[in-house]
Amino acid sequence: LEAQKYWGSGNLVPDEITIGLVKNNLPSDNFILDGFPRNVKQTQELSKMTKIDYVLNIQSDKNIIIKRLLGRAKLEGRKDDTPEVIENRFKVYEKETKPLLEFYKKEIVNIEGNGNPEDIFKNIKKILQW
């Protein structure tokens, strides 16, 4: 519930909350993290908890991402997918998350994300050998 206060504005949930949630719920093996880590501090803490095999970097055009998020807002009734919040997310990504690509450069697998979701998912499953 505490984390939801931050989602609505497109801001990152404070590290203490996020790291605590992950630390208390991280399985011992065979798992996927979606949306974590999102900044250097979270990355450093995660490296103390586990080894990362792959970092999937799904690359999409900004306009496609915006279209998908606005579609998700309509489909799921999400109030945190407004044009203003989405734009803020892009700013937060550039400042906080994009630097992690350098940190994880050995684990990065770039994935084309402009296609249809089913094909993107098939590609991810192939990479992860599912």
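In this report, the structure presented in the accompanying data block is examined.

## Observations regarding the overall build of the protein chain
Here comes step 1: Tallying secondary structure elements over the protein chain gives seven helices and two strands in all.
Here comes step 2: Radius of gyration (C-alpha) of the protein chain: 15 Å, near the 14 Å computed for a compact globule of 130 residues.
Here comes step 3: Dimensions of the protein chain, computed from C-alpha atoms along their principal axes, come out at roughly 35 × 35 × 25 Å.
Here comes step 4: Of all intrachain contacts in the protein chain linking residues separated by at least 6 positions in sequence, the fraction that spans at least 24 positions is 63%.

## Observations regarding the pattern of salt bridges
Here comes step 1: Evaluation of the coordinates by the stated rule reveals eleven salt bridges.
Here comes step 2: Of the charged contacts, one joins Lys41 and Glu16 as a salt bridge, the two residues approaching to 3.9 Å between their closest N and O atoms. Placement of Lys41 in helix H3 (residues 40-49) and of Glu16 in helix H2 (residues 15-25) is noted, with a sequence separation of 25 residues between them.
Here comes step 3: What makes Lys41 partly exposed here is its relative accessible area of 39%.
Here comes step 4: For the salt bridge of Arg89 with Asp80, the shortest nitrogen-to-oxygen distance reads 3.3 Å.
Here comes step 5: Counted as one network, the salt bridges with shared partners bring together Arg72, Arg78, Asp80, Asp81 and Arg89.

## What about the packing of helix H4 (residues 62-76) against helix H5 (residues 83-97)?
Here comes step 1: One can describe the packing of H4 onto H5 by two numbers: an axis separation of 11 Å at closest approach and a directional angle of 135 degrees. With respect to each other, H4 and H5 are oriented oblique. In this structure, the crossing between H4 and H5 has a hand that is right-handed. Taking contact as the criterion, the partners of Lys62, Ile65, Ile66, Leu69, Leu70 and Arg72 in H4 are, on H5, Pro83, Ile86, Glu87, Arg89 and Phe90.

## Observations concerning the packing of H2 against H3
Here comes step 1: Running from N to C, H2 and H3 point in directions that differ by 20 degrees, and their axes come no closer than 10 Å. Considering their axes alone, H2 and H3 lie roughly parallel with respect to each other. For the element pair H2 and H3, the recorded crossing hand is right-handed. Contacts between H2 and H3 involve Asp15, Glu16, Thr18, Ile19, Val22 and Lys23 from the former and Lys41, Gln42, Glu45 and Met49 from the latter.

## Here we look at the nonpolar core
Here comes step 1: Core analysis: the largest hydrophobic core is formed by eight residues, namely Ile19, Val22, Phe36, Leu46, Ile52, Val55, Leu100 and Tyr104.
Here comes step 2: Once residues lying within four places of it in the same chain are set aside, the contact partners of Ile19 are Phe36, Lys41, Gln42, Glu45 and Met49.
Here comes step 3: Ranked by size, the runner-up nonpolar core spans five residues in total, among them Ile120, Ile124, Ile127 and Leu128.

## What about the environment of Ala3?
Here comes step 1: By the secondary structure assignment, Ala3 is in the segment before helix H1 (4-7).
Here comes step 2: Taking C-alpha positions, Ala3 is 27 Å from Gly113, a pair spaced 110 residues apart along the chain.
Here comes step 3: With sequence-adjacent residues up to four places away left out, Ala3 is seen in contact with Val13 and Ile17.

Rules used throughout
- Residues numbered from 1 in each chain as written.
- Predicted model: local features only at pLDDT ≥ 70, side-chain atom pairs only at ≥ 80, totals over all residues.
- Heavy atoms only, no water.
- Helix = DSSP H or I, 4+ residues; strand = E, 2+ residues; numbered from the N terminus.
- Rg over C-alpha atoms; globule rule 2.2 N^0.38 Å.
- Contact = heavy atoms within 4.5 Å.
- Salt bridge = Lys/Arg side-chain N within 4 Å of Asp/Glu carboxyl O.
- Buried < 20%, exposed > 50% of the residue type's maximum accessible area, 1.4 Å probe, protein only.
- Axes fitted to C-alpha atoms, helices over the stretch in contact; angles between N-to-C directions.
- Parallel < 35°, antiparallel > 145°, perpendicular 65-115°, else oblique.
- Left-handed = near helix turned anticlockwise from the far one by under 90°.
- Core = buried A, V, L, I, M, F, W, Y, C linked by side-chain atoms within 4.5 Å.

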